[in-house]
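Overview (structure and organization)
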Amino acid sequence: MTSEREIINRVAKSPLITIDLEELYEPGERVIYDLKDNLFNGIILKEKEFREHMRMNDWSAYSDKHVAVYCSVDAIIPRWAYMLLVAHLEPFAKTIFYGDLQELENELFKQAIRKMNLTEYTDKKVVIKGCSKIQVPTAAYLEITKLLRPYAFSIMYGEPCSTVPVYKQPSKPK
């Protein structure tokens, strides 16, 4: 004798709220501006030549791009050089960040997380989605946990059907 039982999707009925960090991905090409290419003999920046390069370069090539600015060789770069570079990039680039491409990606995610209204997760059970089609930087998981912890009742990592507990509010004294 077989009995038919209704299959209940407990995940769909759960009070869990999922945050998919992949949805915070800022579209646009990521590029590096490496100041080593502006160094004389690979060690020193000459002001006159640098200013000439800044003046003559076609900065429109950086239109709507996320630009990571850094120097990949051990050289002393005066701070004004970075400032001059930004003055030329800023009218075109979507983002300008000091650091390499990984640091740029970390910063783009952090900025997106900081724009979220985290109060809507007050006293909620939140799952930070683990799998994604794009590479979400580890720094983004740290940032969302740090900023969400004061609001959420609990924070978990993974998928609603298989989560790893990360944080739970302490019990309040009665």
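Notes on the structure follow. (Residues numbered from 1 in each chain as written. Predicted model: local features only at pLDDT ≥ 70, side-chain atom pairs only at ≥ 80, totals over all residues. Heavy atoms only, no water.)

Spatially, β1-β7-β8-β9 is the arrangement adopted by the 4 strands of the open sheet, whose pairing is mixed. Whereas interior strands pair on both sides, the edge strands pair on one side only; in this sheet they are β1 (16–19) and β9 (162–168). Strand-to-strand twist across the sheet, computed as the mean angle between neighbouring axes with direction ignored, equals 30 degrees. When β1 meets strand β7 (residues 125–129), the two strands line up parallel, connected through 4 bridges. (Pairing = 2+ DSSP bridges. Helix = DSSP H or I, 4+ residues; strand = E, 2+ residues; numbered from the N terminus. Axes fitted to C-alpha atoms, helices over the stretch in contact; angles between N-to-C directions.)

Counted under the stated rule, the structure contains 7 aromatic pairs. Note on Tyr-33 and Trp-59: the rings are 6.0 Å apart at their centroids and 35 degrees apart in plane angle, and the pair reads as tilted. One end of the pair, Tyr-33, is in strand β2 (residues 30–34); the other, Trp-59, is in the loop between α2 (47–56) and β5 (66–70), with 26 residues separating them in the sequence. For the pair Tyr-33 and Trp-59, a shared accessibility class is recorded, and that class is buried. A network of ring pairs unites the aromatic residues Tyr-33, Trp-59 and Tyr-62 as a single cluster. The cationic tip of Lys-46 hangs over the ring face of Phe-40; the distance from NZ or CZ to the ring centre is 3.9 Å. (Phe/Tyr/Trp six-rings, centres within 6.5 Å; stacked < 30°, edge-to-face > 60°. Buried < 20%, exposed > 50% of the residue type's maximum accessible area, 1.4 Å probe, protein only. Lys NZ or Arg CZ within 6 Å of the ring centre and 35° of its normal.)

With that settled, consider the packing of α2 against helix α3 (residues 79–89). Running from N to C, α2 and α3 cross one another at 15 degrees; their axes reach a closest spacing of 10 Å. By the angle class used here, α2 and α3 are roughly parallel. Between α2 and α3 lies a crossing of right-handed hand. Across the interface between the two elements, Glu-47, Phe-50, Arg-51, Met-54 and Arg-55 of α2 pack against Trp-80, Ala-81, Leu-84, Leu-85 and His-88 of α3. Looking at side-chain class alone, the contact of α2 with α3 contains 6 nonpolar, 1 polar and 3 charged residues. (Parallel < 35°, antiparallel > 145°, perpendicular 65-115°, else oblique. Left-handed = near helix turned anticlockwise from the far one by under 90°. Contact = heavy atoms within 4.5 Å. Nonpolar A, V, L, I, M, F, W, Y, C, P; charged D, E, K, R; others polar.)

Our next topic: the sheet that holds β5. Sheet strands line up and pair through hydrogen bonds in the backbone, either parallel or antiparallel. Across the sheet, which stays open at both edges, the 3 strands sit in the order β2-β5-β6 with parallel pairing between neighbours. Unpaired on one side and paired on the other, β2 and β6 (95–98) mark the two borders of the sheet. Strand-to-strand twist across the sheet, computed as the mean angle between neighbouring axes with direction ignored, equals 25 degrees. Across 4 bridges, the pairing between β5 and β6 is parallel. Considered in β6, the bridge of Val-69 is made with Tyr-98. Here α3 sits on the sheet in contact with β2, β5 and β6, set at roughly 165 degrees to β5.

A word on the packing of helix α4 (residues 101–114) against helix α5 (residues 138–148). The interhelical angle for the contact between α4 and α5, taken along N-to-C directions, is 25 degrees, at an axis separation of 9 Å. Comparing the axis directions of α4 and α5 gives the class roughly parallel. α4 and α5 meet at a crossing whose hand is right-handed. Counted together, Asn-106, Phe-109, Lys-110, Ile-113 and Arg-114 of α4 and Ala-139, Ala-140, Glu-143, Ile-144 and Leu-147 of α5 form the full contact between these two elements. Partitioned by chemical class, the residues of the contact of α4 with α5 number 6 nonpolar, 1 polar and 3 charged.

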